[in-house]
Amino acid sequence: MGETMTNVIPESASAGETARPAVKSWDEFTQLREVIVGDVANARLPRMSDVSAWLACYPTLSEKELREVSEGAFPKQVIEETTEDLATLISTLRDLGVTVHQPAAPDHAKVFSSPDWTSDGYLSYCPRDITMVLGSAIIETPSPMRARYFELLGGMRELFQEYMLRGATWLSAPKPRLADDLFSLDDDGLPLLGESEPVFDAANVLRIGRDVIYQVSRSGNELGLRWLESTLRLFGDFRVHPVRGVYGYTHIDTTITLLRPGLVLLNPERLTEETIPACFRGWDILWSPPIRDVPAIVKRPLSAPWLGMNLLMVSPEVAIVDEDQPELISAMEKKGITVLPHKLRHSRVLGGGFHCVTLDVVRDGDLEDYCR
Ligand SMILES: NC(=[NH2+])NCCC[C@H](N)C(=O)O
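Residues numbered from 1 in each chain as written. Predicted model: local features only at pLDDT ≥ 70, side-chain atom pairs only at ≥ 80, totals over all residues. Heavy atoms only, no water.

### Observations concerning the pattern of salt bridges
Point 1. The full count for this structure, using the stated rule, is 28 salt bridges.
Point 2. For the salt bridge of Arg 146 with Asp 50, the shortest nitrogen-to-oxygen distance reads 3.4 Å. Here Arg 146, found in the loop between strand E8 (137-140) and helix H5 (155-165), pairs with Asp 50, found in the loop between strand E2 (44-45) and helix H2 (51-57); they are 96 residues apart in sequence, far enough to count as distant. Taken as a pair, Arg 146 and Asp 50 share a single burial class, namely buried.
Point 3. Here Asp 211 ties to Arg 239 by a salt bridge, and the two come within 2.8 Å at their closest N and O atoms. (Salt bridge = Lys/Arg side-chain N within 4 Å of Asp/Glu carboxyl O. Helix = DSSP H or I, 4+ residues; strand = E, 2+ residues; numbered from the N terminus. Buried < 20%, exposed > 50% of the residue type's maximum accessible area, 1.4 Å probe, protein only.)

This is how it looks when you write it as structure tokens:
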């Protein structure tokens, strides 16, 4: 274990402290104690003839360009090398004293149907995407992507059930129909998300204690915001901050990255001083330095180069960041953060960085007012 590693291992909870709750996570940055890491096994691209897959994966590609996309299993090299990279991440987290689970992925090649549609599966590489943890609640979110409908079957559901038996609350949003009337095309023939029912991915949400940011985009609609607001009223006094018109596509965690109370990393290509969410008023803003465009081994990667700013805070002082982003690493170190560079060689191909491939289950932070 390197020198850096040894000086970042947290004090373990003292014996006198009450036993740790099964699930407790109110934020993106306090000391991480337990986490779920994705499994890239069986990852594949679903049929792009399905408008919900087209919307989630390639919303800027025309129908003609979509035909260039090779559906089905990702290349063997991508799966093998990502399996290695996730194993290294897990080993580091365990060396840091974090309890890590990696539930087995189901067979995503299986075809399934609803009364309105038929689909094949996608991946279990990004547990962040369709489940959020808020306090002691595990909340399955209503993804607008048909291929993700049964993603949690297998290891994830078993783990959630175990957490419930240990005292966690296990919730699911109203299961969406995802019928054709939820989707439409814009004037350029590109897919849009409608408002016929509440749908959103968990990765459209960021948690900052009593403040929750919700991105309205093609992966989260206005009714999804209304459902989340209505549900959080059950939890108590929460402030939900919609972010609109900043990034219209999939997920928020390459636009805003929370580093610690009072410090946030922002994407300067998508936000300006004028559009910084109000909850960050008085916070120190770290505008991301230029992100290196790490080439992907496929012609059509799922994510933009900005995936380089998608990172995992192990604590307010320690971050796991893509080793191919030295300028970002240096900028974070200048803010006093110890960075542990890691690789996810095919993160853009698969559409997930270090925040995406993790789902924090227990962090030390309580329900705080960080944005007052
Ligand atoms: N949770 C996730 N899978 N986040 C990845 C978001 C990537 C985003 N669509 C981009 O290309 O910038």
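### A look at the side chain of Glu 28
Point 1. Looking at the secondary structure, you find Glu 28 in the loop between helix H1 (3-6) and strand E1 (32-37).
Point 2. Residue classification places Glu 28 among the buried residues on the basis of a relative accessible area of 6%.
Point 3. In this structure the side chain of Glu 28 is engaged in a polar contact, spanning 2.9 Å, whose partner is the side chain of His 355.
Point 4. Glu 28 has contacts with Arg 128, Val 205, Leu 206, Arg 207, Leu 258, Met 313, His 355 and Arg 363, leaving out every residue within four places of it along the chain. (Polar contact = N/O pair within 3.5 Å; in protein donor to acceptor, adjacent residues only side chain to side chain. Contact = heavy atoms within 4.5 Å.)

### Considerations on the sheet that holds strand E16 (residues 263-266)
Point 1. Pairing in this open sheet of three strands is mixed, and the strands run E15-E16-E17 from one edge to the other. Unpaired on one side and paired on the other, strand E15 (256-260) and strand E17 (284-287) mark the two borders of the sheet. When strand polarity is set aside, the average angle formed by the axes of neighbouring strands in this sheet is 25 degrees.
Point 2. In this sheet, E17 lies alongside E16 in parallel orientation, the contact comprising four bridges. Looking across to E17, one finds that Val 264 is bridged to Ile 285. (Pairing = 2+ DSSP bridges. Axes fitted to C-alpha atoms, helices over the stretch in contact; angles between N-to-C directions.)

### Remarks on the confidence of the model for the chain
Point 1. Mean pLDDT over the chain works out to 95, with 95% of the residues at or above the 70 mark.
Point 2. Here the predicted complex scores 0.95 on pTM and 0.97 on ipTM. (pLDDT = per-residue confidence, 0-100.)

### Some details on the pairing of strand E20 (residues 338-342)
The side chains of a regular strand alternate between both faces of the sheet.
Point 1. Of the strand pairs in this sheet, strand E19 (residues 318-322) and E20 are connected by five bridges, and their pairing is parallel. Across the sheet, Val 321 pairs through a bridge with Pro 341, a residue of E20.
Point 2. The parallel pair E19 and E20, bridged by helix H7 (residues 326-334), forms a crossover whose chirality is right-handed. (Right-handed = clockwise from strand over helix to strand, strands pointing away.)

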